[in-house]
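# Examining the three-dimensional arrangement
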Amino acid sequence: MRVSVKVGQLGQARDGVVVYAALEGEQRPDRLLPPYAARDRAFVQLVKGSGFRGAANETVLLPKGRGWALVVGLGKMKDLSLEQARQFAGTAARTARARGFRHLVLPVLRERAFGQASTVAQALTEGAWLSLYRYDQLKQVPKHEKNKRLDAMTLLIERSRDLGEAKRGAEKAEAVVEAVRLARDLINGPSNIVTPTYLANHARALAKELKLKCTVTPFAQLKRLGFGGIVGVAQGSPHPAQFIVLEYHPSRAKATFALCGKGITFDSGGISIKPSAKMEQMKYDMSGAAAVLGAMKAAATLKLPVRVVGIIAATENMPSGTAQKPGDVLKTLSGKTVEVLNTDAEGRLVLADCLHYAKRYKPDCVVDLATLTGACVVALGAEAIGLMTKNERLAARLNHAGQATYERVWRLPLWDEYGPAMKSDIADLRNVTNTGEAGTITAAKFLEEFTEGLKAWAHLDIAGTAWSEKDKPYVPKGAVGIGVRLLVKLMENWR
Ligand code: BES
Ligand code: ZN
Ligand code: ZN
């Protein structure tokens, strides 16, 4: 899609569908945004007469002049937020496409609740563009559906002095959207296509495109090098595991980030096999890895002044004659041994090696992302990422980035009293507790064992947030691409 930013008023846009915003429950029922739109009394009467109330994401399509106007509700004035702007744009774009329009004209609303022109322009562009995402590369799309395609979007601003800022915002959005789309494609991709090797090849392609450094260590070498956590999980699968390290290193880097991603391309549970209901969803068990790849793509495209090392353990978790078995003891890269009491608690085993490996980069900040526990889905559902860290500063930064992007995090404690549950009688650690209590926290305590010496570490459990069971204004059902925007914001704000 082409995105352009222009100075002008909505009524003046010549082609495509023009979007108006409406507030709900206003004293003056003619409250349309931007304000000049309300001068068209006849149009305001038409909107009112249609029964339209202005509730958030409500829409009505009406004739206006020689063209069409799409009125989209913003909800109540007191609830206005940047997130509402994102959803507004998403609803507008998706509705316009469904109605067969090719070109969308969107006002850059300058309400105080939205912040600077660049911020609003970025949010609107992201919302609109992300809403149009669909994963249709594996099916035949009927011609009339294929033709429904938005080719262009014009953002209109009122004041010419906002033009530069708005353009910058829209440009930034483009880089972010491309990164989120990459993550979504990888996650939606079925596990017979998106194999560990496929992820490695993708990382190599990304490195080539963006001049990153990329090293991939395949299964046979991992065995020799002592990556016992990854090997233990991978040994049941005919697809060789791939340990992927991507590095973006600009010359004037302010800080070094290590981003670790769980890349289980399919989690069957292994010998501790999962029930078959919804097992097909376990292709999304590499959403952490996808977020890391997306964030690195965005960081490099935006030329963020930070060094970023992406560390991904890509493997399947399968049952077979060579698979690890409950009771097996493996030796991780750190030297610590683990008694594997449940082969379905595999994410922590591969991440243990990633976190230990991260130490060699002496990072200022380490964040790992993983669809780690079903318990996190139970605790927080689809609205919040589980955040666990002992670093108050990093918690605050992630919280702030979460508010700004609406990829919100919610902190759970990492108190040491939770630690003993992960101790084994015959090894240094066990990979599951024997009570099943505090599953999300105890998983994080397990990971913490491999972070000794790291400056600042945070664990993000994205099990509940990585996959959406329903269509949302700018997140179609399926892969969310969660974490990409959060990480980009975290790195952008670092100082
Ligand atoms: N990938 C799963 C966690 C998961 C569950 C992600 C549901 C998304 C949706 C993980 O590897 C797993 O199986 N964890 C086990 C751990 C348990 C055996 C301690 C779980 O949560 O049941
Ligand atoms: Zn599992
Ligand atoms: Zn898993």
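Just so we're clear, the structure is a prediction, and the values are computed from it rather than from any experiment.

What follows is about the overall build of the protein. Counting secondary structure elements, the protein contains 14 helices and 20 strands. Relative to the globule expectation of 23 Å for 495 residues, the C-alpha radius of gyration of the protein, 24 Å, shows essentially globular dimensions. Taken along the three principal axes of its C-alpha coordinates, the protein extends 80 × 50 × 45 Å. The long-range fraction of contacts in the protein, counting pairs at least 24 apart against all pairs at least 6 apart in sequence, stands at 77%. With an accessible surface of roughly 20,800 Å², the protein has 50% of that area assigned to carbon and sulfur atoms.

This part takes up the site of ligand 1. In the vicinity of ligand 1 lie 16 residues, with Lys 274, Asp 285, Asp 344, Glu 346 and Gly 374 positioned nearest. A distance of 2.9 Å separates a nitrogen atom of ligand 1 from a polar side-chain atom of Asp 285. For ligand 1, an oxygen atom lies 2.8 Å from a polar atom in the side chain of Glu 346. With the chains in place, 77% of the 520 Å² that ligand 1 exposes on its own is no longer accessible. A majority-of-atoms criterion places ligand 1 in the largest pocket. Across the shell around ligand 1, the residue classes tally to 5 nonpolar, 4 polar and 7 charged.

What the domain assignment reports for the protein is domain 1 (2-159) and domain 2 (177-492). The gap between the C-alpha centroids of domain 1 and domain 2 is 37 Å. Each side of the interface is counted separately: domain 1 has 17 residues, and domain 2 has 20 residues. Both faces considered, domain 1 and domain 2 share a buried interface measuring about 1,700 Å² in area, 60% of it formed by carbon and sulfur atoms. By the criterion of area lost to domain 2, the three top residues of domain 1 are Arg 94, Leu 130 and Tyr 133, representing 41% of everything that side buries. Run the count over domain 1 and domain 2 and you get 2 salt bridges. Between Arg 485 and Glu 126 there is a salt bridge whose closest N-O contact spans 3.7 Å. One can count 7 residue pairs in polar contact (both at pLDDT 80 or more) joining domain 1 with domain 2. Of all the secondary-structure elements, those providing two or more residues to the side of domain 1 that touches domain 2 are α2 (82-98) and α3 (117-131). Ranked by the residues each element gives to the side of domain 1 that touches domain 2, the list is headed by α2, at 7 residues. Of the residues contributing to the side of domain 1 that touches domain 2, the split by class is 6 nonpolar, 7 polar and 4 charged.

The coordination sphere of the zinc ion (ligand 3), as far as protein atoms go, consists of Lys 262 (NZ), Asp 267 (OD), Asp 285 (OD) and Glu 346 (OE), spread over 2.0 to 2.4 Å. Coordination at the zinc ion (ligand 3) comes from 6 donor atoms whose angles at the metal span 77 to 173°, giving a geometry best classed as octahedral. Between the donor residues of the zinc ion (ligand 3), the gaps in sequence give the motif K-x4-D-x17-D-x60-E. Here the zinc ion (ligand 3) and the zinc ion (ligand 2) are spaced 3.2 Å apart, linked through Asp 267, which binds each one. In this pair, Lys 262 is assigned in strand β10 (residues 256-267) and Glu 346 in the loop between β13 (337-340) and α10 (347-358), connecting sequence segments 84 residues apart. As far as the burial class goes, Lys 262 and Glu 346 line up, both buried.

What follows is about the pairing of strand β15 (residues 385-389). Within β15, 5 of the 5 residues are buried, which leaves the element mostly enclosed by the surrounding structure. Residues of β15 alternate between two faces, with Ile 385, Leu 387 and Thr 389 on one and Gly 386 and Met 388 on the opposite face, all of them buried. Of the pairings in the sheet, the one linking β15 to strand β16 (residues 409-411) comprises 3 bridges and is parallel in character. Considered in β16, the bridge of Leu 387 is made with Arg 411. Between the parallel elements β15 and β16, the chain passes through helix α12 (residues 392-405) in a crossover that is right-handed. Examined bridge by bridge, β15 and strand β18 (residues 457-461) share 4 bridges and lie antiparallel to one another. Residue pairing in the sheet places Thr 389 in a bridge with Ala 458 of β18.

Turning next to the sheet that holds strand β17 (residues 429-430). Reading across the sheet, the 3 strands line up as β12-β13-β17 and stay open at both edges, with mixed pairing between neighbours. Only two strands of the sheet have a single neighbouring strand rather than two, namely β12 (328-331) and β17. Bridge count between β13 and β17: 2 bridges; the pairing is parallel. Bridge pairing links Glu 339 to Arg 430 in β17.

Around the zinc ion (ligand 2), the donor atoms from the protein are Asp 267 (OD), Asp 344 (O), Asp 344 (OD) and Glu 346 (OE), and they sit 2.0 to 2.2 Å away. Coordination at the zinc ion (ligand 2) is irregular: its 6 donor atoms span angles of 70 to 168° at the metal. Expressed as a motif, the donor residue spacing for the zinc ion (ligand 2) is D-x76-D-x1-E. The buried category is assigned to Asp 267, whose relative accessible area is 3%. You can call Glu 346 buried: its relative accessible area is 1%.

Structurally, the position occupied by Arg 348 is in helix α10. Assessed through its relative accessible area of 8%, Arg 348 is described here as buried. In this structure, the C-alpha to C-alpha distance between Arg 348 and Lys 274, residues 74 residues apart in sequence, is 17 Å. Setting aside anything within four residues of it in sequence, one finds Arg 348 in contact with Leu 372, Thr 373, Met 422, Asn 431, Val 432, Ala 443, Phe 446 and Leu 447. A distance of 2.6 Å separates a polar side-chain atom of Arg 348 from the backbone oxygen of Asn 431.

Rules used throughout
- Residues numbered from 1 in each chain as written.
- Chains lettered and ligands numbered in written order.
- Predicted model: local features only at pLDDT ≥ 70, side-chain atom pairs only at ≥ 80, totals over all residues.
- Heavy atoms only, no water.
- Helix = DSSP H or I, 4+ residues; strand = E, 2+ residues; numbered from the N terminus.
- Rg over C-alpha atoms; globule rule 2.2 N^0.38 Å.
- Contact = heavy atoms within 4.5 Å.
- Areas by Shrake-Rupley, 256 points an atom, 1.4 Å probe, with all protein chains shown as cover.
- Near = heavy atom within 4 Å.
- Polar contact = N/O pair within 3.5 Å; in protein donor to acceptor, adjacent residues only side chain to side chain.
- 1 Å grid on protein atoms, 1.4 Å probe; cavity = no way out; pocket = protein on both sides within 12 Å on 5 of 7 lines; lining within 4 Å.
- Sits in = over half its atoms within 2 Å of the grid points.
- Nonpolar A, V, L, I, M, F, W, Y, C, P; charged D, E, K, R; others polar.
- Domains from an automatic or database assignment.
- Buried area = accessible area lost by both parts, 1.4 Å probe.
- Salt bridge = Lys/Arg side-chain N within 4 Å of Asp/Glu carboxyl O.
- Donors = N, O, S within 2.8 Å, 3.2 Å for Na, K, Ca; no water.
- Tetrahedral: all angles 85-135°; square planar, octahedral: opposite > 155°, others 65-115°.
- Buried < 20%, exposed > 50% of the residue type's maximum accessible area, 1.4 Å probe, protein only.
- Pairing = 2+ DSSP bridges.
- Right-handed = clockwise from strand over helix to strand, strands pointing away.

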